[in-house]
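Topology and contacts: notes
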Amino acid sequence: MVLLRAKCILIGNSKVGKTALAQTFHSEGTHFPKSYSLTTGVSTCVKTVQIPDTPHSVEMYILDSSGNELYSDLVVHYWENPSMVALVYDVTDPQSLASCPMWLEKVRSQKPEIAFPGALIANKSDLTNRWVVNSEEGRRFADGKGLAYFETSAKDSIDVDAPFLYLATEYYKLYEDRVRGLIN
Amino acid sequence: MTNVALLQKGARIPLCTANNEEHPAANILDGNNSTFWLSTGLFPQEIIISLSQSSLVTSISILCSHVKELLIEKSVNEDAGDLENLLRSELEFQETLQKQEFKLSSPTLIRHIKLIIQSGYDHFVSINSVTVVTS
Ligand SMILES: Nc1nc2c(ncn2[C@@H]2O[C@H](COP(=O)(O)OP(=O)(O)O)[C@@H](O)[C@H]2O)c(=O)[nH]1
Ligand SMILES: [Mg+2]
């Protein structure tokens, strides 16, 4: 049994639901202590995800940055050596999708030589009458950037696990590829 | 010219930040270049190699993959305390294994070395072997 460790950068405009997603995902199943840094506004929660059909798991350190701190240079230090990125927008706010390329670039520039798994999360899917950004637009953006597309509601706890499980599984595949490369 | 970083010579690894059951750190000291320790994600990664006794070391070599920034510290203390910087290197990217020899400017008394991998060219880095040569 192998336990992998991953730093998951949770990113996106303010108010899209990053903290709600992290909390909903975190509070299902096992509880781990949550830490919060006052100076940078970055909080970390840890959750272990079992890779389906294997005895292996990935311990995910999910870094959630709050509000204005996102724009400061201090937070960048926390993003060093990212393992994966979860990019969030709000389906009722087109500006939040428009900001996604900028967020993605910020994280990718931390480690330009390494490919890492990425998920695009269209959150607040429960606000059915207020959807402004349709699935098609989200999916097109995700495809163009090599991200997998997910729709979630942190409020109603709908499909919140799916993007994190995807990221953990992709990360595990990268590990398996490395092992294969070293053995041959 | 003998390599003392071998299990059969009494060398041990008392500390490793990534405990990989399938590819454990002991593989670094088994004298076999095709077995390896593989990290399990995140940086930095740290490994302490303890020699069976303090030895006068003339060079240290590493066979590894996807390692970028590497720091090596040494200690002459029994308990691996008072670690001092020995060398720092940025390894070049290689598709296959990276091989790097560090010749020490003069024979240096060493009981323990600590390898600190600060970053890599991949999420996961391997060390296939470490060779510690005594005069
Ligand atoms: N309706 C709805 N509201 C949500 C959802 N996720 C978050 N919110 C609300 O959106 C606001 C911002 O959420 P928060 O998690 O603080 O966003 P953050 O700034 O990205 O961390 C809060 O009032 C949340 O209750 C969701 O899935 N559906
Ligand atoms: Mg928040």
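Counting of residues starts from 1 at the beginning of each chain's written sequence and follows it residue by residue. Chain letters and ligand numbers both follow the written order, the letters beginning at A and the numbers at 1. The predicted nature of this model means local features are confined to residues of pLDDT at least 70 and side-chain atom pairs, given and counted, to a pLDDT of 80 or more, with totals for whole chains, interfaces and linings taken over all residues. As a rule here, side-chain values come from all non-hydrogen atoms in the structure, and water together with hydrogens is ignored.

As named in an unreviewed UniProt entry, chain A is Intraflagellar transport protein 27 homolog, taken from Oopsacas minuta. UniProt positions are given in the numbering used here, feature names are shortened, and annotations may be inferred rather than shown by experiment. In its Sequence similarities (unreviewed entry) section, UniProt records this for chain A: "Belongs to the small GTPase superfamily. Rab family."

Take the overall build of chain A next. Numbering of helices and strands starts at the N terminus; helices are DSSP runs of H or I of at least 4 residues and strands are runs of E of at least 2. Summing up its helical and strand segments, chain A has six helices and seven strands in all. When the helices and strands of chain A are listed from N to C terminus, the series reads β-α-β-β-β-α-β-α-α-β-α-β-α. In chain A, which comprises 184 residues, the proportion classed as buried is 52%. Note on definitions: a residue-residue contact is assigned when non-hydrogen atoms from the two residues lie within 4.5 Å. Restricting to contacts in chain A with at least 6 residues of sequence separation, those with at least 24 account for 71%. For the area figures, the Shrake-Rupley method with a 1.4 Å probe applies, and any residue is considered shielded solely by the protein chains shown. Of the roughly 8,400 Å² that chain A leaves accessible, carbon and sulfur atoms contribute 53%. We call a residue buried when its accessible area falls under 20% of the maximum for its residue type, exposed when it is over 50%, and partly exposed in between, using a 1.4 Å probe and counting protein chains only.

To continue, consider the interface of chain B and chain A. Listed by partner, the interface residues are 26 residues for chain B and 25 residues for chain A. When two parts are put together, the accessible area they lose, computed with a 1.4 Å probe and summed over both, is reported as buried area. Regarding the contact of chain B and chain A, the summed buried area is about 1,900 Å², with carbon and sulfur atoms giving 58% of it. For this analysis, a salt bridge means a side-chain nitrogen from Lys or Arg found within 4 Å of a carboxyl oxygen belonging to Asp or Glu. The closest approach of N and O atoms between Lys 68 of chain B and Glu 113 of chain A, which form a salt bridge, is 3.0 Å. Side-chain atoms alone can form a polar contact between residues adjacent in sequence; in general such a contact is a pair of N or O atoms within 3.5 Å, and within protein one must be able to donate a hydrogen while the other accepts it. Between chain B and chain A we count nine residue pairs in polar contact (both at pLDDT 80 or more) in total. Elements with a minimum of two residues in the side of chain B that touches chain A: strand S7 (98-120) and strand S8 (126-134) of chain B. Sorting elements by how many residues they give to the side of chain B that touches chain A places S7 of chain B first, with three residues.

Before going further, it helps to examine the pairing of strand S7 (residues 148-151) of chain A. As a general feature of sheets, a regular strand has side chains that alternate between the two faces. Residue and element names in this part refer to chain A. Pairing between two strands is assigned when DSSP locates at least 2 bridges connecting them. For strand S6 (residues 118-123) and S7, the ladder comprises four bridges, and the chain directions are parallel. Note on S7: the bridge partner recorded for Ala 119 is Ala 148. Handedness is read with the strands pointing away from the viewer; a crossover is right-handed when the path from the first strand over the helix to the second is clockwise. Of the crossover connections in this fold, the one passing from S6 over helix H5 (residues 135-145) to the parallel S7 is right-handed.

Right, let's talk about the site of ligand 1 for a bit. All names here are of chain A. Distances are taken per atom, and a residue is near a molecule or strand as soon as one of its heavy atoms is within 4 Å of it. Near ligand 1 lie 15 residues; those nearest to it are Lys 15, Lys 18, Ala 20, Asp 126 and Ala 154. The contact in question runs from an oxygen atom of ligand 1 to an N or O atom on the backbone of Gly 17, over 3.0 Å. Contacts to ligand 1 include Ala 154, whose backbone N or O atom sits 2.8 Å from an oxygen atom. Alone, ligand 1 offers 580 Å² of accessible surface; in the complex the protein occludes 71% of this. In this classification, Asp, Glu, Lys and Arg are treated as charged, Ala, Val, Leu, Ile, Met, Phe, Trp, Tyr, Cys and Pro as nonpolar, and every other residue, Gly included, as polar. By residue class, the composition of the shell around ligand 1 is four nonpolar, six polar and five charged.

In this structure, Leu 4, Cys 8, Val 58, Met 60, Ile 62, Phe 164 and Tyr 175 of chain A are the most contacted members of the largest nonpolar core, which totals 35 residues. Only strand S1 (3-11), helix H1 (18-27), strand S3 (42-50), strand S4 (57-65), strand S5 (84-90), S6, S7 and helix H6 (161-183) of chain A provide two or more residues apiece to this core. If you tally residues by element for this core, the top one is H6 of chain A, at eight residues. Residues in contact with Tyr 175 of chain A, not counting those within four places in the same chain, are Val 2 and Leu 4 of chain A together with Asn 20, Glu 22, His 23, Leu 38, Ser 39 and Phe 124 of chain B. Buried residues of nine kinds, namely Ala, Val, Leu, Ile, Met, Phe, Trp, Tyr and Cys, make up a nonpolar core once their side-chain atoms join them within 4.5 Å.

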